[in-house]
Structures are given as structure tokens and as C-alpha cells.
Amino acid sequence: MSGESGVPSVNLLRDAQDRRLPRIAGPSGLVIFGVTGDLSRKKLMPAVYDLANRGLLPPGFSLVGFARRDWEHEDFAQVVRDAVREHARTPFREEVWEQLAQGMRFVPGVFDDDEAFGTLKNTIEALDKERGTGGNFAFYLSVPPKFFPTVVQQLKKHGLSDAPEGSWRRAVVEKPFGHDLKSAQELNQVVYGVFRASQVFRIDHYLGKETVQNILALRFANTMFEPLWNRSYVDHVQITMAEDIGIGGRAGYYDGIGSARDVIQNHLLQLLALTAMEEPSSFDAKALVQEKLKVLNAVRLPDDLGLHTVRGQYTAGWQGGEKVPGYLDEEGINPQSKTDTYAAIKLEIDNRRWAGVPFYLRTGKRLGRRVTEIAVVFQRAPYSPFNATDTQELGQNALVIRVQPDEGVTIRFGSKVPGTSMEIRDVTMDFAYGESFTESSPEAYERLILDVLLGDANLFPRHQEVERSWEILDPVEEYWEAHGRPEPYVAGTWGPKAADEMLKRDGRSWRRP
Ligand code: BG6
């Protein structure tokens, strides 16, 4: 509809285009605790720059770093600049950098230091005046969980968690959110002692990935997949998150935690939830959480965990032409460690849609290559009019959501081999982001930091989901703790033999992506 001049009226224009207009954060600032850590350097700082470069941050945006370092504001800005130059997704532009750097401040201190929190408060108030941040600040806790309680209590004690009239304060909490159900509940209590649920944003960066959001588009914007998305057609689902890297410099975090707590409890169960849930009534946070939670509540572990779960630990091997050490020889690892660097778990979903369809989840460090995918594998045709020899090269139909690195979707089906005989073989039909779209995908952290500043909670798990996910995993961890050691596997391979046997017993096999 347009006005007399033929130009659409402003409101109508906004209504019609709302979702395509860039979402730009209003006046605001971000305080990062743990600003000297790896995550901050590799992901958070570059994401802030990328947002600024895309014009999605307000002109007065301010970034405050808090850490135990003897730095001036300029030293901090230099650290951010180096991180941005090394890790940002978008090109470096001096004018964008200059504007961003003007809003950077550093507060030196440890977490239980009242004076440092006093300085932080003064810094924020000064930024409000100088840069017009409007009292709107998000506090990003990129710190080990043992410091969460101290940091949130300090925020409360110094009045930083209370938003001044007409403004907002938010807490962003990085995983791991606890290491089992009990510790997660305790943490939630601590956080809720200071912040309201609507102020808390828990990060699961997989939800910020384009391809993960595309699961919803694929399923609910199309008609051709959903009719098949159930126990009548699906044989099983495999969710794989394979990494080629080892644990690098993260021994302190990883040892004693292991692969299942590190990524199955969060990333993989979230992927399962999005793949298996019912259509939400809308895409707002409440409706999404409701559906995710419903399906997570229907998830059941098989009775015999010895037969249906496997954990592994990598030994020395070759990767990318280089010799790499085994897990127990990595720096900082207890040589007796029983920590899993590989985990495979079978789950069932007790509802009408999925009864009897196993979901196999697996993850590992130092596997054959880096790949994350969700493969929905379909049943074979109930009857085949072809000769058995004609179809011996025909596998099961599959739809594979390629989360990374080669983002896209593949459909695998049988096709006649050209020639006179009726020979049928698997072929694939591919959608690749790189070929269909010109824009490159934003990094997950760009999306998530922007959402925090906008107060958009859709892509952040709620505490019920986090707790339910621990409830699913805890019995597996307990079982493993009580039964022997992880199975060894050679670095650069696809995990322990026991994982292959686990699927073989079910008459299936893992995909080799
Ligand atoms: C993190 C895990 O959540 O995800 C890491 O703690 C893992 O162990 C990382 O390496 C993988 O993230 P991505 O985005 O590279 O798949």
C-alpha cells in the first residue's frame, strides 16, 4: 500500500520490511569479565568489531574490559586491535576502529576486589555521560564457573545489576553452566539471586550459527520435508560434531570435564531438540523454549548404558601430516586421566512422532576431520521391485544438514546409472550456502552479542533446558565413572572401535563424513 505520493507510509513500510531491515542495537555498552581469555580474544572482541563494521552498533557503543592486568585503557585497546586484526571476519577499516576504540575502557582488578568494582561503576557512569550509553549495559561472564558467584554478587553489591530508571542491565553467561544437574541448579540460584530470568542470557554458541537456525527454516518454511519427519519414514538420526583439533591449551578446563559435558550436554542436545521438536506457535523465546523443553523431556536413555554409550580417549597419531601427542601426554593433563575426548550416546524419544527412532549423538577431538552435521536417515523402501544385484550400491535415503564447515544441505537418494541395465546407485543433491548466497554468514558470536544488546532471547537456552540436559547426561557420566576407562583411539581416526560396534549391534553404521 502506498500514500498519495506513491511512497509507502512509514509505518506500512516498516511493517512490510521489518524482518529484513538491519537490527541495530540502541545505546549500550558491554563489559567483559575474563577479557584476557582465549574466547574473548578469538571470538568476542572480533565479533564486536564485526558488528561495528556492519553498522549494527550505536555510535557511542562502549566496551569495558575487566581483568587482573596492569593495563591502561590504551593497552587494552591495543590488545583488542590485535585480536580484531587476527580474528575478525570482516576487513579492517581504520575509521570503524577509531570510533570503536574511543569507547574502550579497562578496569584492572580481581573479582573480589571492592575497589575495582567501584571503579567499574564510575567507569560505566562516566561512559553514560560521555558516550550516551543510556545506562544500558550487558555484563559478559567469560570466566570459569567457580567465579560466577563472586562476580554476580559483586555486581549486586555495587548496584551494577540494578538498571537505572528507563535502562537495562543484562548478564551473559558462558558455558559450562555447571558440571551436573546439582551444580547447575546451584548456579542458577546464585544468578537468580541477583538477576531476573529475563535479564539472563546463557550462551550456547551453536544456536547462533546460521546453519542451526536454518533447521527451523528447512523444517517449518517448507512442505516437502515435514511429512517425512517422523517414525513412519525415518530410520534413525545421527548427530555428529567431530573436531580435528586436540585440547590445545585448555587442559585446565577440559580435564575432568570431557567431551560429553563439553558439547553433548549443550550443543548436541540443542541440535537434537531443534531437529525433533514440534512446530512452535511462534519464534519468540517462550514458544521456542516450550517446544524444545517438551522434546527434551521426552528423551530417554536406553536401559543398558554399557551397550549404548561409548567413550574414548585419543592416543598419539598423525593429523594433517603431523605427528600429534596422545591425550595423556598433552601438557597439563593428569597421566592417569579418565577424561573422555570422544563420546557416543544413543537416545530414544518417547513420543508419537519418534517412538522407536534412535538418535545417535557423537563427538570427539582429534577425529578424521572437522565436521558437524545432522543426518536424518530414512527407512528402506518396504518392497523393492528391482533385482537385489541392481540395488546393491543403493544405501538408505538421507537428508544431511551440514552445519559446518561446508555449510548446506545434502539429500542422498538412488538414481539409475546411465546404460542399458537397471542399476541403481546413490547420488546426492546439494545446497551450498556459498553458491546460493553472496553474503557470508555472520559468526555465531556476532549474532548472539547483537541479540543480547537488543534483548532478543530466542537463541539462548533457558535454565530449564540446561537442567534437563544435565538430567539426561548425568546417568551416563555416573555409569562411566563406575566402569573402567575410556576406549583408546588413534588420533586422526574416527574414534574407538567400540563406537562402530555399538551401531553394528543395531544393524547400522556411522556415516564417514
Ligand atoms: C565449544 C567447546 O563449546 O565448542 C570446544 O567448549 C569446541 O571444546 C568448540 O572446540 C567448537 O566450536 P565450533 O564453533 O568451532 O564448532
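- Taking an unreviewed UniProt entry as the reference, the protein chain is identified by name as Glucose-6-phosphate 1-dehydrogenase belonging to Streptomyces alkaliterrae.
- Turning to the protein chain, the UniProt annotation filed under Pathway (unreviewed entry) states: "Carbohydrate degradation; pentose phosphate pathway; D-ribulose 5-phosphate from D-glucose 6-phosphate (oxidative stage): step 1/3."

**Overview of the overall build of the protein chain**
Right, on to step 1. A tally of regular secondary structure across the protein chain gives 16 helices and 18 strands.
Right, on to step 2. In terms of overall size, the protein chain behaves like a compact globule, its C-alpha atoms giving a radius of gyration of 25 Å where 513 residues would be expected to give roughly 24 Å.
Right, on to step 3. Viewed in the frame of its principal axes, the protein chain has a C-alpha envelope of about 80 × 75 × 45 Å.
Right, on to step 4. Burial statistics for the protein chain: of 513 residues in total, 52% are counted as buried.
Right, on to step 5. Excluding contacts between residues fewer than 6 apart, the proportion of contacts in the protein chain whose partners are at least 24 apart in sequence is 77%.
Right, on to step 6. With an accessible surface of roughly 23,800 Å², the protein chain has 50% of that area assigned to carbon and sulfur atoms.
Right, on to step 7. Here the protein chain holds 62 positive side-chain charges and 72 negative ones, and the gap between their average locations is 3 Å.

**A short note on the sheet that holds strand β5 (residues 169–173)**
Right, on to step 1. With parallel pairing, the six strands of this open sheet are ordered in space as β3-β2-β1-β4-β5-β6. On the outer flanks of this sheet lie β3 (104–108) and β6 (200–202), each paired with one strand and no other. For this sheet the average axis-to-axis angle between neighbouring strands, irrespective of direction, equals 20 degrees.
Right, on to step 2. As defined by bridge partners, strand β1 (residues 29–33) adjoins strand β2 (residues 62–67) across five bridges and the pair is classed as parallel. Each bridged residue has a counterpart across the sheet, and for Phe-33 the counterpart in β2 is Phe-66.
Right, on to step 3. Contacts between helix α6 (residues 148–157) and the sheet are confined to β1, β4 (137–141) and β5, with β4 contributing the most and set at about 160 degrees to the helix.

**Overview of the pairing of strand β16 (residues 408–416)**
Right, on to step 1. Both strand β15 (residues 398–404) and β16 contribute to a ladder of five bridges, which runs antiparallel. Along β16, the bridge assignment pairs Ala-398 with Arg-412.
Right, on to step 2. Linking two consecutive strands that pair antiparallel, namely β15 and β16, is a turn of three residues.

**Some remarks on the pattern of salt bridges**
Right, on to step 1. For the structure shown, the criterion picks out 31 salt bridges.
Right, on to step 2. A salt bridge links Asp-451 to Arg-23; the nearest nitrogen and oxygen atoms lie 2.5 Å apart. Of the two residues, Asp-451 sits in helix α14 (residues 444–454) while Arg-23 sits in the loop between α1 (10–17) and β1, which places them 428 residues apart along the sequence.
Right, on to step 3. By relative accessible area, which is 31% here, Arg-23 ends up partly exposed.

**A few points about the site of the ligand**
Right, on to step 1. Around the ligand, the structure places 13 residues, and the nearest of them are Tyr-206, Lys-209, Glu-243, Asp-262 and Gln-404.
Right, on to step 2. One of the side-chain nitrogen or oxygen atoms of Glu-243 is found 2.5 Å away from an oxygen atom of the ligand.
Right, on to step 3. Contact distances for the ligand include 2.6 Å between an oxygen atom and a side-chain N or O atom of Asp-262.
Right, on to step 4. Here the ligand has 400 Å² of accessible area as a free molecule, and 83% of this is covered by the chains.

**Some details on the packing of aromatic side chains**
Right, on to step 1. Considering all chains together, one arrives at 23 aromatic pairs under this definition.
Right, on to step 2. Ring centres 6.1 Å apart and planes at 90 degrees place the aromatic pair Phe-431 and Phe-437 in the edge-to-face group.
Right, on to step 3. Assessed through its relative accessible area of 23%, Phe-431 is described here as partly exposed.
Right, on to step 4. Counting every residue linked through ring pairs, the aromatic cluster contains Phe-33, Phe-66, Phe-111, Phe-117, Phe-139 and Phe-147.
Right, on to step 5. Taking NZ or CZ as reference, Arg-170 lies 3.8 Å from the ring centre of Trp-168, over its face.
Right, on to step 6. The ring centre of Tyr-314 lies 6.0 Å from the NZ or CZ of Arg-366, which sits over that ring.

**Here's the deal with unusual backbone geometry**
Comment: phi is negative for the bulk of residues other than glycine, and the bulk of peptide bonds are trans.
Right, on to step 1. At the junction of Lys-175 and Pro-176, the peptide bond is cis and its omega measures out at 5 degrees in the coordinates.
Right, on to step 2. The phi torsion at Arg-366 lies on the positive side, around 55 degrees, for a residue other than glycine.
Right, on to step 3. Looking at the secondary structure, you find Arg-366 in the loop between β13 (359–364) and β14 (371–378).
Right, on to step 4. Of the residues examined, Arg-366 reaches a relative accessible area of 14% and is grouped as buried.

**Structural notes on the UniProt feature "domain: Glucose-6-phosphate dehydrogenase C-terminal" (unreviewed entry) in the protein chain**
Right, on to step 1. Here, the residues flagged by UniProt with the feature "domain: Glucose-6-phosphate dehydrogenase C-terminal" (unreviewed entry) are residues 216–511.
Right, on to step 2. Taken end to end, residues 216–511 is 30% helix and 25% strand, and its two terminal C-alpha atoms sit 23 Å from one another.

**Describing the UniProt feature "active site" (unreviewed entry) in the protein chain**
Right, on to step 1. UniProt feature "active site" (unreviewed entry): in the numbering of this structure it lies at His-267.
Right, on to step 2. Of note, His-267 is situated in helix α10 (residues 258–276).
Right, on to step 3. Those residues in contact with His-267, other than ones at most four positions away along the chain, are Lys-175, Asp-204, His-205, Tyr-206 and Met-241.
Right, on to step 4. A polar atom in the side chain of His-267 sits 2.7 Å from the side chain of Asp-204.

**Side note on the packing of α10 against helix α11 (residues 285–298)**
The axes of two packed helices give the description: the angle between them and the distance between them.
Right, on to step 1. Packing of α10 against α11 leaves a shortest axis separation of 9 Å and a crossing angle of 105 degrees. Here α10 lies roughly perpendicular to α11, going by the angle between them. Contact residues: α10 offers Leu-269, Gln-270, Leu-272, Ala-273, Leu-274 and Ala-276, while α11 offers Lys-292, Val-295 and Leu-296.

Cut-off values and rules
- Residues numbered from 1 in each chain as written.
- Predicted model: local features only at pLDDT ≥ 70, side-chain atom pairs only at ≥ 80, totals over all residues.
- Heavy atoms only, no water.
- UniProt positions renumbered as here; feature names shortened; annotations may be inferred.
- Helix = DSSP H or I, 4+ residues; strand = E, 2+ residues; numbered from the N terminus.
- Rg over C-alpha atoms; globule rule 2.2 N^0.38 Å.
- Buried < 20%, exposed > 50% of the residue type's maximum accessible area, 1.4 Å probe, protein only.
- Contact = heavy atoms within 4.5 Å.
- Areas by Shrake-Rupley, 256 points an atom, 1.4 Å probe, with all protein chains shown as cover.
- Lys, Arg positive; Asp, Glu negative; His and termini not counted.
- Charge placed at Lys NZ, Arg CZ, Asp CG, Glu CD.
- Pairing = 2+ DSSP bridges.
- Axes fitted to C-alpha atoms, helices over the stretch in contact; angles between N-to-C directions.
- Salt bridge = Lys/Arg side-chain N within 4 Å of Asp/Glu carboxyl O.
- Near = heavy atom within 4 Å.
- Polar contact = N/O pair within 3.5 Å; in protein donor to acceptor, adjacent residues only side chain to side chain.
- Phe/Tyr/Trp six-rings, centres within 6.5 Å; stacked < 30°, edge-to-face > 60°.
- Lys NZ or Arg CZ within 6 Å of the ring centre and 35° of its normal.
- Parallel < 35°, antiparallel > 145°, perpendicular 65-115°, else oblique.

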